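# Summary of the model geometry
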Amino acid sequence: MNVHGEHYRTIWLKADDPTTVQIIDQRHLPFRFVIEDLRTVEEVAVAIKEMHVRGAGLIGATAGYGMYIAALTAPRTALSDFQEAIQAAASRLKATRPTAVNLAWAVERQLTAMAAAGDDIEAQIEAAALTAQEIADEDADFCRRIGEHGVKLIEEIAVRKGDAPVNVLTHCNAGWLAFVDYGTATAPIYAAHDKGIPVHVWVDETRPRNQGARLTAWELGQHGVPHTVIVDNVGGHLMQHGMVDLVIVGSDRTTYTGDVANKIGTYLKALAANDNGVPFYVALPSSTIDWEMRDGLAEIPIEERDATEVRIMDGRSGDEIREILIMPEASRAANFAFDVTPSRLVTGLITERGVCAASEAGVLGLYPEKRKE
Ligand code: MRU
């Protein structure tokens, strides 16, 4: 997508050194655009855990490239040494963040591809390189298709509203920064904007890390999409006053029954949407669906992050980036990073194969190959 008019993905191999993975270090946005080089499994693990990269799809793609780096850097003395290093890398990467299922999915996809390459180490490295690229390309392609399906929902509302802009509310950042390209919740918005449909986005700031205010607002601005940042508690009020036509959020893990884990606060938006008759859609690629989990509330692991993220905020002051404490030094803080929205509050899921009901029948209707006999 666009950064100062130039096309970028969020992750790629360095042009003159394909053993180095490059990422946009999202901790510095929107104030500075910083590209970071990753050369070791440990650097990849830290980049995921400390959120230099974040968002379900990009976490998966980064883990895919991380396994490629694992293959490049593993000892080649004997097959057993190589395989031991690959297994250690898989465990290290999988342990970085618990909620987004794309992480384990990408690591497992790499392990399967490498095993299929047989006992030749060079063939396994080749397989890891191809699979990392495949995961990234597929993520971008699926997001583009989510845009094609989701834009129809915006178009229908636009027809009803005449020339008035369609107001979409989104939470956190399920934009291109959370994936390899296009994003999920934002893909229909970009598609609508590119088609000339007037669209305006209410951007939840999304405490504590402010992915909405810092990342979604920046992305939308780079693409020229009209938007307004609001604090997290405003959405209900806007919905009560008819100022939201549609909510579209992303997902970090969706059960095959349609329960959705997404950034903390999503559930409250779903409740408000339900109370006010506002359609509430979740956009996700199938890599985010957990085909083993039936009950999201009981089963999806919810990440708890360091309380420092709640206690301290950072932002720009003049030319400097500053950190400030925003609560009494002695008070405790808790930092639950995700919540689960039950399927009954979700109007529909927008996937790369189309839009379906948030239910087992709806999801398996689009993915019949996942039916268990
Ligand atoms: O903690 P993050 O920033 O990795 O959280 C992921 C998210 O960006 C959101 O939950 C998003 O809405 C899901 S789409 C990847």
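Please read these numbers as outputs of a predicted model, since none were measured by experiment.

### A look at the environment of Gly5
One can find Gly5 in the loop between strand S1 (2-3) and strand S2 (6-7). C-alpha of Gly5 to C-alpha of Tyr281: the two residues are 276 residues apart in sequence and 30 Å apart in space.

### Looking at empty space enclosed by the protein
In the structure shown here, the tally under the stated rule is 3 cavities of 30 Å³ or more. Lining the largest cavity we find 22 residues, and of these Arg54, Gly55, Ala56, Asp252 and Phe338 sit closest to its centre. For the lining of the largest cavity, the elements supplying multiple residues, two or more each, are helix H2 (56-73) and strand S11 (260-263). Among the residues making up the lining of the largest cavity, the classes are represented as 9 nonpolar, 8 polar and 5 charged. For the lining of the largest cavity, the two domains that each supply at least three residues are domain 1 (2-138) and domain 2 (147-370). Contributing to the lining of the second largest cavity are Gly57, Gly60, Ala61, Asn102, Trp105, Ile135, Glu138, Asp139, Phe142 and Ser287. Contributions of two or more residues to the lining of the second largest cavity are made by H2, helix H4 (101-116) and helix H5 (121-161). Its residues assigned to classes, the lining of the second largest cavity shows 4 nonpolar, 4 polar and 2 charged.

### Describing the packing of aromatic side chains
Tallied over the entire structure, the rule returns 5 aromatic pairs. A ring pair is formed by Tyr8 and Phe33, whose centres lie 5.1 Å apart and whose planes are at 70°; its orientation type is edge-to-face. Residue Tyr8 is found in the loop between S2 and strand S3 (11-14), and its partner Phe33 is found in the loop between strand S4 (17-24) and strand S5 (35-38); the two are separated by 25 residues along the sequence. Exposure remark for Phe33: the relative accessible area of 27% places this residue in the partly exposed category. Taken together, a centroid distance of 6.3 Å and an interplanar angle of 40° make the contact between Trp176 and Trp218 tilted. With Trp176 in the loop between strand S6 (166-170) and helix H6 (187-194) and Trp218 in helix H7 (residues 211-223), the pair connects residues that are 42 residues apart, well separated along the chain. In this structure Trp218 comes out as buried when scored by relative accessible area, which is 10%.

### What to know about the site of the ligand
With respect to spatial proximity, 18 residues lie near the ligand, and among them Arg54, Arg97, Asp252, Asn262 and Lys263 are the closest. One nitrogen or oxygen atom from the side chain of Gln211 is found 2.9 Å from an oxygen atom belonging to the ligand. Within the side chain of Asp252, one N or O atom sits 2.6 Å away from an oxygen atom of the ligand. In the complex, the protein chains occlude 100% of the 400 Å² of accessible area that the ligand would expose alone. For the ligand, the cavity whose grid points lie within 2 Å of the majority of its atoms is the largest cavity. Viewed by domain, the shell around the ligand spans two of them, domain 1 (2-138) and domain 2 (147-370), each represented by three or more residues.

### What about unusual backbone geometry?
Going from Leu29 to Pro30, the amide bond is cis rather than trans, its omega being 5°. For Pro30, the position within the fold is in the loop between S4 and S5. At the junction of Arg207 and Pro208, the peptide bond is cis and its omega measures out at 5° in the coordinates. Tracing the sequence through the fold places Pro208 in the loop between strand S7 (199-204) and H7. Notably, His4 is not glycine yet its phi reads approximately 50°, a positive angle.

### Remarks on the pattern of salt bridges
Close approach of charged atoms lets side chains of opposite charge pair. Throughout the structure, instances matching the rule amount to 26 salt bridges. For Arg253, the salt bridge identified is with Asp290, shortest N-O distance 2.6 Å. With Arg253 in strand S10 (residues 253-255) and Asp290 in strand S13 (residues 289-290), the pair connects residues that are 37 residues apart, well separated along the chain. Connected via shared salt-bridge partners are Arg97, Arg209, Glu303, Arg305 and Glu309.

Reading the values: the criteria
- Residues numbered from 1 in each chain as written.
- Predicted model: local features only at pLDDT ≥ 70, side-chain atom pairs only at ≥ 80, totals over all residues.
- Heavy atoms only, no water.
- Helix = DSSP H or I, 4+ residues; strand = E, 2+ residues; numbered from the N terminus.
- 1 Å grid on protein atoms, 1.4 Å probe; cavity = no way out; pocket = protein on both sides within 12 Å on 5 of 7 lines; lining within 4 Å.
- Points joined across faces, edges and corners; volume = space filled by probe spheres on them.
- Nonpolar A, V, L, I, M, F, W, Y, C, P; charged D, E, K, R; others polar.
- Domains from an automatic or database assignment.
- Phe/Tyr/Trp six-rings, centres within 6.5 Å; stacked < 30°, edge-to-face > 60°.
- Buried < 20%, exposed > 50% of the residue type's maximum accessible area, 1.4 Å probe, protein only.
- Near = heavy atom within 4 Å.
- Polar contact = N/O pair within 3.5 Å; in protein donor to acceptor, adjacent residues only side chain to side chain.
- Areas by Shrake-Rupley, 256 points an atom, 1.4 Å probe, with all protein chains shown as cover.
- Sits in = over half its atoms within 2 Å of the grid points.
- Salt bridge = Lys/Arg side-chain N within 4 Å of Asp/Glu carboxyl O.

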